[in-house]
Amino acid sequence: MQEIRCPWCGPRVQTEFEYYCDDSLLTEVWGSEAVQQNLDRVFLRSNHLGYHQEIWQHTHGCRGWLRVLRHNLTHEIKESQPLGSNPVVDKDGRMQS
Amino acid sequence: MRMSQGGLIDRGRILNFSFNGRSLQGHPGDSLASALIANGIRLVGRSFKYHRPRGIFSAGSEEPNAMLRIGPEATAEPNTRATQTPLYEGLQARSQNHWPSLEVDLLSINNLLSPVFSTGFYNKTFISPRKLWPVYEKMLRHIAGHGRAPGQRGPEQFEQCFSHCDVLIIGAGPAGLAAARRLASTDLRVVVVDECERPGGWLLKENTSIDGSNGTDWCDRITRQLSAAENVTLLYLTTAFGFYDHNLVALAERLPSGAATFSQRLHRVRAKQVVFATGSIERPLVFANNDLPGIMLAGAARAYLNQFAAKVGQRMVIYTNNDSAYRSAVDLSDAGVDVAAVADLREAPHASAIARLSERGISLYKGARIAAHGRRHLRSVRLCHSGSEQALQLDCDTLAVSGGWTPTLHLHSQSGGAVRFEPQLDTFVPGTPKQATVAAGAVNGLHGLQECLDDGERAAVTIAKRFGLVTGAPNGRSIDPSNESVENQLLFDTDCPAVKVVNQHKARRRGIGASGKYFVDFQNDVTISDVRQAYRESYVSVEHLKRYTTLGMGTDQGKTSNLNGLDLLAGLREEPVPKVGITTFRPPYTPVTLGLLAGQSQGAHLSPTRKTVLHAKHEQAGAVFDFNGLWLRPRCYLRHGETEETAIGREIRAVREGVGMTDVSTLGKFEIQGADCAEFLNRVYIGNMDTLVSGRCRYGLMLSDDGMVLDDGTVTRLDQQHYFITTSTGHAEHVLQHLEFLLDVLWPELDVNLVAVTEQWAGVAVAGPASRKLLRQLAGSDTEVLESVPYMGYASIELEESGQCIKARLLRISYSGEMAYEIYVPAHSATHVWELILNHGPGFDLQPYGMDAMDVLRIEKGFIVVGADADGRTTPMDIGMGAMLSKTKHFIGRHALTRPAMHESGRFQLVGLQAVNYQDGLFEGAQLTRLAGDRGYGASIGHISSAGFSPLLQRHVALALVRDGRKHLGQTIYSQDPARACPTPVGVTIVEPCAYDPEGARLRR
Amino acid sequence: MRNYSSYALIKNALTGNTRWTPAWRNARPRKNYEVIIIGGGGHGLATAYYLAKNHGITDVAVLDKGWIGGGNTGRNTTIIRSDYLLEENAGLYDFSLGLWAGLSRELNFNLMFSERGAVTLAHSEAHLNQLARLANAMLLRGVNAELLTREEVLKEIPVLDGGAGTRWPVEGAFRQPEAGTARHDAVVWGYARAADSLGVDIVEQCEVVGMNMEKGRIKGVQTSQGVIAADKVAIVVAGHTSTVAALAGLTLPVESHLLQAMVSEPIKPVLDTVVMSMAYDGYVSQTNKGEIVMGAELDGYPSYSQRGNLPRIEDCVRYTLTMFPSFSGLRLMRSWAGINDMTMDGSPLIGPTPVDGLYINGGWCYGGFKTIPGSGWAFADTLAHDRAHRLVEPYRLDRFNTGHTINENGHGPLPQHH
């Protein structure tokens, strides 16, 4: 089963995470959307076969959110990036980029 | 028959076991199969469809026939392979799938009727008359199925664990051991697994020698070295059954019987690199009556001899298309078995192989074709060959067959690795890997011992390189199998593939009597005729063939049948095998016990039970509990002699007339702090939360992106930049994730901190006209604070009793419609507060009340429960809260609410219901119709979403979602509840949801 | 075509079973058709059959990129029921169940439709009320449904553990007596044979790689076997609806997810009905061959791989063993996965698209197998008359824009929660 690298906790097994949504749900700037734009964003998905930027949460771990570049056929994970304002620090307290 | 010498069994100890009630003996080191063979047992089962007699066919996990029930009757495991069951003292084995007995099975009449039971027959019959189908079906079901499920759960316990390693080597045969030996010298953490009881793979089954010692001794030596190495773990009786994403391999380890607590252990291994040293499985030949007891794979025949010192029969013929089977001729002849002949499909076997035969006086027939004969077991073989016009008959009780070797590439394929057809070998071999793996040994189509050992070493070098390491053999020398004679190589002739279909007419002419069945899949009784028929009927893709004939769909998963079936199909389609394709390999490699997959997390331990910190208090007070999601909550508190109904009525009255207390700790709770928290809450809730002043509470409704009510709760402003919000019990987790998503993903620029404190804060609601009076007793110096808290207000307060102080958050919120206070304290103080309140209770006739009373109280007030009265299809307007929608700010769900359907007539709207006849009952789940007799599609105009009996109003109260309900206030409709045996519709009047104190005067006192 | 019967079996037995005729022709596609159906699964083949049978439209080709039935139809847990709550769903699902009952006869192919009932266990008062709502709705619309007491459930299903020792003791249950199971492959083959006998071309190994459109109207498709023109094209490719629709420039409210299922080794009959639960996300039944079929919820992440991971298999087995502890010693024989097209309201997408002449039937979430006959029937009518049939009209594509969503389970637009 998939191993996902939590930016804060390191590589962890998929059962610690939950997939939340596709990255395409995030394109809005609060309050700026027209109605149809909002409905398209909320309801439509490209659902293409290939790599997707996906939003996952480390629910059974640090509860941090990550953006994962993952292929929806091979399940290959290319990278995972931290989201939110919690900085990723190494064990000496230094911030990671 | 047992040889007096040789084999890897411990003759010093005897193990007693039984087969079909017959007492037998074997030795440690035996498998159940080898012990049966040593005891001369030839008949071990009946085939699935035709109930043909069957014997042991192989010596491994590919076994299609020897499926037995193992264990004491009540908990026996059905469908267990005798070839994979190590013998133990007291083992009870029974054959299955026959009636009345194994020897005399009346269901073998199916065999006579087999032409009628041709492939797919059940699709072509029992179609009419429809009424009889259930009868046919019952019959079919009884005939189907192999073993019986045990009547109760067995005593077996299963453990599960995770492991990590650098290299996982699957298979401890020559290639696996060679690779392990090489890698042991590095720092890498290596795990080696093998499905057998001891390592060695086919080294145990053959006569070989390596580096001067015989194969098994070499194997023991290497294994001792590996066991001593700190970085190497060895697991036996461990089957790698599934390869999952990112190099996660699932292992099923069987622990020796009588071992501590667990009988099996599931390992989920994350290996950085995996070596598939999974070997190959011998391929059967297909010929007339090739399923008779006494016919087995040539490799198995010599395995039983070499590893278990068990002779498979007295007089043997060997039928083969390759050189490896000649080893059986040599080994068995040298052990005293009368090897009558080798019948070779090929015209020109190797000269050295032929020499070995003539040395032992074994006849050789070239260009041979055979048919087997016998009834309950093999009696003779008739063959024709290129050396003569005449067919001849050879009496024999054993026939060892070999059609070549099929690499065991299941796991490689599961890992997504490509598979390549190798015409030289007439089989598939692993191609380019997809994940971090490498294949080594016989699985690559190699057969010579030298080749396999070398391949194992090569794999180790490759793997080490992937870690940036260099590895050398311990003493600088690579492994050298000495005296490797030519028979130790497999030489294969592509002109004679395993499925060389005997042309029946020609063969009959040549007198070998080739009528009879030609089995391709033993377990599911699939013959060549079946495959041909399927082809004729258009089931020409390999998956259709499999599903139509059930070839390869048995518990052996086609290990000895898939390739032959594929070959046959390719022949019929006149296309090369790789074009026809191969069926997909899916986990598990061999069947895995369900209990192992569940581990301990089943039954009572399936999911956690959540109890509030006050649980013990509830128990003490006589609570009757019910589930609310994962929570256990009190429904009511029973006093001596009470029924639940009486108790609930009493509790309701207490709240309305005196004072009651209830545990509200299960509500979701959050602390929201930061400069932007007002803005945040404004976006989340439909109402304006920025206008909420400190020290005040507000009801909050939040929506999903589709405009539907997600949850409701309370929002309390503790300070300018500090809010405390509550959610419903059932949606707490969902709301938490929703809010976290908003803050971390959508709006990270907002300066907001969110902490979930559902379990950290406990809550007790004290409700009733006497609530404030009671709390005055506890408020100590904060009495003024208590008095000044307005309805929907908040204060921080200290409760004290004999010098003890508990700081609490006091929220004057009411869910019951009476004057009420919700007291929130840190969880560790909860029991103390509960006791504190209780202690002052008697003077006010304070009573704890549970969920059922709470439900009636809120229904009387028309307050909703999200999940019941708002069910994910409900907008704020539907539940009468349209006025709460802010007009001045944007919030989640606002756009979706502008859609036309949100404002159309016909929507289900929240209303109250009152039975026309006061005595009539109203129940949650009843459907509603306009007229009493309305039936059919469109008859339902809604349903009762909440209901209960109100002792104060002396009638049932109910909330309902009714189409255009608000337009029909005062009208009579009908409640229909036929599912609960209420045959007559009940007339109900549509009323306002709030049935009690609609002005809210009691709340505001 | 009507040549399957016991008599035929015996007759053929006497002639060595060499005279059986092909169940369907593996046709080569012609240059044009009146209707092209993309997708040779249950829904596609049923649509073709009903086009021919009910509407006399036989100039039809069913194209499948692989072998027919190779997608979800060959991968589901074969449960057939119509215990759906919402009015919009009730019509179609009930109608479909009605067709199932006589389908073997109609197709002259035994689909092994076994009317053995489907039971949903209740484990709390809240569950009982929810199930009562469903039962009452069904009874009102004239469909058989009943509630069972705890004692009745345990008596009907002796092998079920509903006792106090388990996590969720059984409090009662709901049952639809006319629900059941069928052999999924047989459904594909039955419809294929019937459609073929009415003149429909079934073309396997024919992948659609492009759509030909002109001025907003469909003209035909480009395939791995050449260009084929058509007046109408229907996309009936469960699991790949988005990717095929994308060829026509359409974006859909669909996210494709993984759903696994598994079977145990075959054993003698021990479970006579389909069992589902309000508390456990698992469902269990036993095939006529004796295998225990088990399924559970989605893996939880989008995937086209048809290959699931271990955690959901473990969950599924845990639910099964919690309900049936005596199955603990049985073995898992095979596991597999399909691609569930999850829509944003849990209900399918059926009807015309913005491209004239291009129709869609997909997005079936969990409901695909049971609706094969009803969906095929109504969709054929839709294609024949160029407008959505009454039964499938609610499933129009633009319902998310207008707000007429059909949310059977009440979950929001996050598919993994459905």
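**Student:** Go over the sheet that holds strand β42 (residues 804-811) of chain B with me, naming the residues and quoting the values.
**Tutor:** Sheet strands pair by backbone hydrogen bonding; their relative direction is either parallel or antiparallel. Residue and element names in this part refer to chain B. Strand order in the open sheet made by the six strands is β41-β42-β43-β40-β34-β44, with mixed pairing throughout. Each edge of the sheet is formed by a strand with only one pairing partner; in this case those strands are β41 (794-801) and β44 (847-848). Direction of pairing for β41 relative to β42: antiparallel, over a ladder of eight bridges. Residue pairing across strands places Glu-801 opposite Gln-804, the latter belonging to β42.

**Student:** Can you lay out the packing of helix α5 (residues 174-184) of chain B against helix α6 (residues 215-228) of chain B for me, pointing to particular residues and giving the numbers?
**Tutor:** Residues and elements named next belong to chain B. Between α5 and α6, whose axes approach to 10 Å, the crossing angle comes to 35 degrees. Like other packed secondary-structure pairs, α5 and α6 cross with a definite hand, here left-handed. Mapping the contact onto sequence places Leu-177, Ala-180, Arg-181 and Ala-184 in α5 and Trp-218, Cys-219, Ile-222, Gln-225 and Leu-226 in α6.

**Student:** Give me the interface of chain A and chain B: which residues, what numbers.
**Tutor:** Contact residues are listed per partner, giving 31 residues for chain A and 29 residues for chain B. Roughly 2,600 Å² is buried in total at the junction of chain A and chain B, and carbon and sulfur atoms are behind 59% of that figure. Where chain A meets chain B, there are two salt bridges. Close ionic contact of Glu-3 of chain A with Arg-270 of chain B constitutes a salt bridge, the shortest N to O distance being 3.3 Å. Where chain A packs against chain B, one counts 14 residue pairs in polar contact (both at pLDDT 80 or more). Every element with two or more residues in the side of chain A that touches chain B is listed here: β3 (18-22), α1 (35-43) and β4 (51-57) of chain A. With five residues, the single largest contributor to the side of chain A that touches chain B is α1 of chain A.

**Student:** For empty space enclosed by the protein, give the residues involved together with the corresponding values.
**Tutor:** Residue and element names in this part refer to chain B. Within this structure, the stated rule accounts for eight cavities of 30 Å³ or more. The calculated volume of the largest cavity comes to roughly 250 Å³. Contributing to the lining of the largest cavity are 21 residues, with Gly-558, Asn-562, Leu-563, Ile-582 and Phe-585 lying nearest its centre. Where the lining of the largest cavity is concerned, the elements lending two or more residues are β25 (405-407), β27 (427-430), α14 (542-549) and α15 (562-573). Considering every element that reaches the lining of the largest cavity, the biggest residue donor is α15, with four residues. Looking at the lining of the largest cavity residue by residue, the class counts come to eleven nonpolar, eight polar and two charged. Lining the second largest cavity are 14 residues; nearest its centre among them are Gly-552, Gln-557, Thr-584, Phe-585 and Arg-586.

**Student:** I'd love a proper account of the packing of aromatic side chains, names of residues and values included.
**Tutor:** Residues and elements named next belong to chain B. Inspection of the entire model under this criterion finds 36 aromatic pairs over all chains. With a centroid separation of 5.9 Å and an interplanar angle of 35 degrees, the aromatic rings of Tyr-304 and Phe-308 are classed as tilted. Of the two residues, Tyr-304 and Phe-308 both sit in helix α7 (residues 298-308), four residues apart, roughly one turn of that helix. Across the pair, exposure class does not vary: Tyr-304 and Phe-308 are buried alike.

The rules we used
- Position numbers for residues count from 1 along each chain, tracking the sequence in the order it is written.
- Going through the entries in the order they are written, you letter the chains from A and number the ligands from 1.
- Confidence filtering applies because this is a predicted model: local features only for residues at pLDDT of at least 70, side-chain atom pairs given and counted only at 80 or more, and all residues used for totals across whole chains, interfaces and linings.
- As a rule here, side-chain values come from all non-hydrogen atoms in the structure, and water together with hydrogens is ignored.
- If DSSP finds at least two bridges between two strands, the strands pair.
- Going along the chain from the N terminus, every DSSP run of H or I of four or more residues is numbered as a helix, and every run of E of two or more is numbered as a strand.
- As a rule, the C-alpha atoms of each element are fitted with a line to give its axis, helices using only the stretch in contact, and angles between N-to-C directions run from 0 to 180 degrees.
- When the near helix sits turned anticlockwise from the far one by under a right angle, the crossing is termed left-handed; a clockwise turn instead gives a right-handed crossing.
- Contact definition: two residues touch when any of their heavy atoms are within 4.5 Å.
- Two parts placed together each lose some accessible area under a 1.4 Å probe, and adding up what both lose gives the buried area.
- Should a side-chain nitrogen of Lys or Arg be within 4 Å of a carboxyl oxygen of Asp or Glu, the pair is scored as a salt bridge.
- Think of a polar contact as two N or O atoms within 3.5 Å of one another; within protein, one of them needs to be a possible hydrogen donor and the other a possible acceptor, and neighboring residues in sequence only count if both atoms come from side chains.
- For each structure, a 1 Å grid was placed over the protein atoms alone; sets of points admitting a 1.4 Å probe that cannot get out are labelled cavities, open sets with protein on both sides within 12 Å along at least five of seven lines are labelled pockets, and lining residues have an atom within 4 Å of a point.
- Grid points are joined across faces, edges and corners, and a volume is the space filled by probe spheres set on the points.
- For this classification, Asp, Glu, Lys and Arg are treated as charged, while Ala, Val, Leu, Ile, Met, Phe, Trp, Tyr, Cys and Pro are nonpolar and the rest, including Gly, are polar.
- A pair of aromatic rings is counted whenever rings of Phe, Tyr or Trp (Trp by its six-membered ring) have centres within 6.5 Å, and the orientation is called stacked for planes under 30 degrees apart, edge-to-face for over 60 and tilted otherwise.
- We call a residue buried when its accessible area falls under 20% of the maximum for its residue type, exposed when it is over 50%, and partly exposed in between, using a 1.4 Å probe and counting protein chains only.

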